[in-house]
There are 2 protein chains.
Amino acid sequence: MLPKKTKYAIKALTALAVVYFDKKPLRISQIAETEKIPRKFLEAILLELKNQGFVGSKMGATGGYYLAKHPEEIMLSHIIRSTGGPIALLPCVSLNYYEKCNECKDEITCGLRDVVLEVREASLKILSKTSLTDVILREKRLLRKNMK
Amino acid sequence: MLPKKTKYAIKALTALAVVYFDKKPLRISQIAETEKIPRKFLEAILLELKNQGFVGSKMGATGGYYLAKHPEEIMLSHIIRSTGGPIALLPCVSLNYYEKCNECKDEITCGLRDVVLEVREASLKILSKTSLTDVILREKRLLRKNMK
DNA sequence: CAAATATACTACTAATTTAGTAGGAATTAA
DNA sequence: TTAATTCCTACTAAATTAGTAGTATATTTG
Ligand code: FES
Ligand code: FES
């Protein structure tokens, strides 16, 4: 399961992606309100996202946050990895959080690892191809479908 | 990430699957030793697996555990769900641990949910088709490949 | 310049989950 | 009857998650 932090990050970044072309920053409190994210928590999350280069910020009155990259360049896999941790089911198949399985005799011949590797590949295939723009597009598509 | 409990469960059940046709039970301590699982923890796990119908047991001297079903019938998805929890990345797309996303206005039109649903489908496709027998087969294949 | 309004940053805390452990009761084989 | 084993209840300790409090710093506007 993804931690709330990751979910909040995706939600906040998506909100920023929606207004990307306005070229005006969005206030934390504004995002917190519309996305129903605890204000202070979101503050911490956005700060982290800034340090990782996802967003930029402007201090002071009329300040706020804005996407630092084009929304098509920001993939869900990046956000997940930056905020939540591994996508893989086990540390021994995680690209970014690798850790040796000290119970298993041999990683190379471990049957379980082989399966879990396949699962990671399948998940990553989707998550690394889905950008913030795609999330917004999906939302629009679902809205149309539901309207009919 | 899968909890250790789940990993241990899969490992233990696989060990039982290997000797399935011997028709003799395997002792906890034996499994714990060969799979490097903390003895007492494994005890608790196997008991739970028994209550869920995965294994049977025999008490007393010469007692132990054995698979209650054919190893081809036990899928990784079953074990994960019984011991670890959801396979889905978010509660709103979990079949067995469903919980409403109270931040999102509408589940039906949520773009993030749509992506995460696709990921769950992809993972489940693999995990619900992979049995204990398959895990053993993969292991054998990997061994052969590595020998050459 | 001063007041108002933002983010930046440090340092906690509280609740939950995970990964176990301890110890004895019940059962069975020899 | 004794040795070996599972069964069962009740803890505990460590790590992680989900936040909060409070203050410093920067920026706009009157
Ligand atoms: S090596 Fe990681 S599960 Fe076996
Ligand atoms: S409804 Fe679950 S993420 Fe939006």
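In this text the structure is predicted, and so the values were computed from the model without any measurement.

### Some details on the pairing of strand β2 (residues 64-67) of chain B
Residues and elements named next belong to chain B.
Link 1 in the chain: Alignment of strand β1 (residues 55-58) against β2, held across four bridges, turns out to be antiparallel. Its bridge partner lying in β2, Ser57 is registered against Tyr65.
Link 2 in the chain: Connecting β1 to the next strand, β2, in antiparallel fashion are five residues, including Gly60 with a positive phi near 80°.

### A closer look at a positive patch on the surface
Link 1 in the chain: A cluster of like positive charges, contributed by Lys140, Arg141, Arg144, Lys145 and Lys148 of chain A, occupies part of the molecular surface.
Link 2 in the chain: Structurally, the position occupied by Lys140 of chain A is in helix α6 (residues 132-147).

### Brief notes about the protein's contact with DNA strand C
Link 1 in the chain: Taken together, 26 residues lie near DNA strand C, and Ile28, Lys50, Ser57 and Tyr65 of chain A together with Lys40 of chain B sit nearest.
Link 2 in the chain: The contact atoms of DNA strand C, taken as those within 4 Å of the protein, divide so that sugar and phosphate hold 68%.
Link 3 in the chain: Taking Arg27 of chain A, its side chain carries an N or O atom lying 3.3 Å from a phosphate oxygen of DNA strand C.
Link 4 in the chain: A distance of 3.1 Å separates a phosphate oxygen of DNA strand C from a polar side-chain atom of Tyr8 of chain B.
Link 5 in the chain: Counting only elements with at least two residues in the surface near DNA strand C, the list comes to α3 (39-51), β1 (55-58) and β2 (64-67) of chain A together with α1 (4-18) and α3 (39-51) of chain B.
Link 6 in the chain: With five residues, the top contributor of residues to the surface near DNA strand C is α3 of chain A.
Link 7 in the chain: The class makeup of the residues in the surface near DNA strand C is 11 nonpolar, five polar and 10 charged.

### Things to note about helix α4 (residues 76-83) of chain B
Link 1 in the chain: Turning to α4 of chain B, its buried residues number three or more, namely Leu76, Ser77, Ile79, Ile80 and Thr83 of chain B. Down the axis of α4 of chain B, the buried set is contained in an arc of 165°. They therefore lie on one face.
Link 2 in the chain: Where α4 of chain B is buried, its residues contact α5 (111-127) of chain A together with α1, α3, α5 (111-127) and α6 (132-147) of chain B.
Link 3 in the chain: At the C-terminal side of α4 of chain B, Gly85 of chain B shows a positive phi close to 120°.

### Structural notes on the protein's contact with DNA strand D
Link 1 in the chain: Near DNA strand D, the surroundings consist of 26 residues, among which Lys40 of chain A together with Glu43, Lys50, Ser57 and Tyr65 of chain B are the closest.
Link 2 in the chain: In DNA strand D, atoms within 4 Å of the protein come 67% from sugar and phosphate.
Link 3 in the chain: The backbone of Ile28 of chain B places a nitrogen or oxygen atom 2.7 Å from a phosphate oxygen of DNA strand D.
Link 4 in the chain: Contact distances for DNA strand D include 2.4 Å between a phosphate oxygen and a side-chain N or O atom of Ser57 of chain B.
Link 5 in the chain: Listing elements by their share of the surface near DNA strand D, those giving two or more residues are α1 (4-18) and α3 of chain A together with α3, β1 and β2 of chain B.
Link 6 in the chain: In terms of residue count, the dominant contributor to the surface near DNA strand D is α3 of chain B (five residues).

### Points about the nonpolar core
Link 1 in the chain: Residues Leu13, Leu67 and Ile79 of chain A together with Leu13, Leu67 and Ile79 of chain B are the most contacted members of the largest nonpolar core, which totals 93 residues.
Link 2 in the chain: Setting aside chain neighbours within four positions, we find Leu13 of chain A in contact with Leu49, Phe54, Val55, Leu67, Ile79 and Leu132 of chain A.

### A short note on unusual backbone geometry
Residues and elements named next belong to chain A.
Link 1 in the chain: The phi angle at Thr62 is positive, at roughly 60°, despite the residue not being glycine.
Link 2 in the chain: Structurally, Thr62 is set in the loop between β1 and β2.
Link 3 in the chain: Among the residues examined, Thr62 registers a relative accessible area of 63% and is labelled exposed.

Conventions used here
Residues numbered from 1 in each chain as written. Chains lettered and ligands numbered in written order. Predicted model: local features only at pLDDT ≥ 70, side-chain atom pairs only at ≥ 80, totals over all residues. Heavy atoms only, no water. Pairing = 2+ DSSP bridges. Helix = DSSP H or I, 4+ residues; strand = E, 2+ residues; numbered from the N terminus. Patch = residues over 30% accessible without salt bridge, like charges linked within 9 Å, V, L, I, M, F, W, Y side chains within 5 Å. Areas by Shrake-Rupley, 256 points an atom, 1.4 Å probe, with all protein chains shown as cover. Salt bridge = Lys/Arg side-chain N within 4 Å of Asp/Glu carboxyl O. Lys, Arg positive; Asp, Glu negative; His and termini not counted. Charge placed at Lys NZ, Arg CZ, Asp CG, Glu CD. Near = heavy atom within 4 Å. Polar contact = N/O pair within 3.5 Å; in protein donor to acceptor, adjacent residues only side chain to side chain. Nonpolar A, V, L, I, M, F, W, Y, C, P; charged D, E, K, R; others polar. Buried < 20%, exposed > 50% of the residue type's maximum accessible area, 1.4 Å probe, protein only. Arc of directions from axis to C-beta. Contact = heavy atoms within 4.5 Å. Core = buried A, V, L, I, M, F, W, Y, C linked by side-chain atoms within 4.5 Å.

Just geometry here; none of it tells us what the structure is for.
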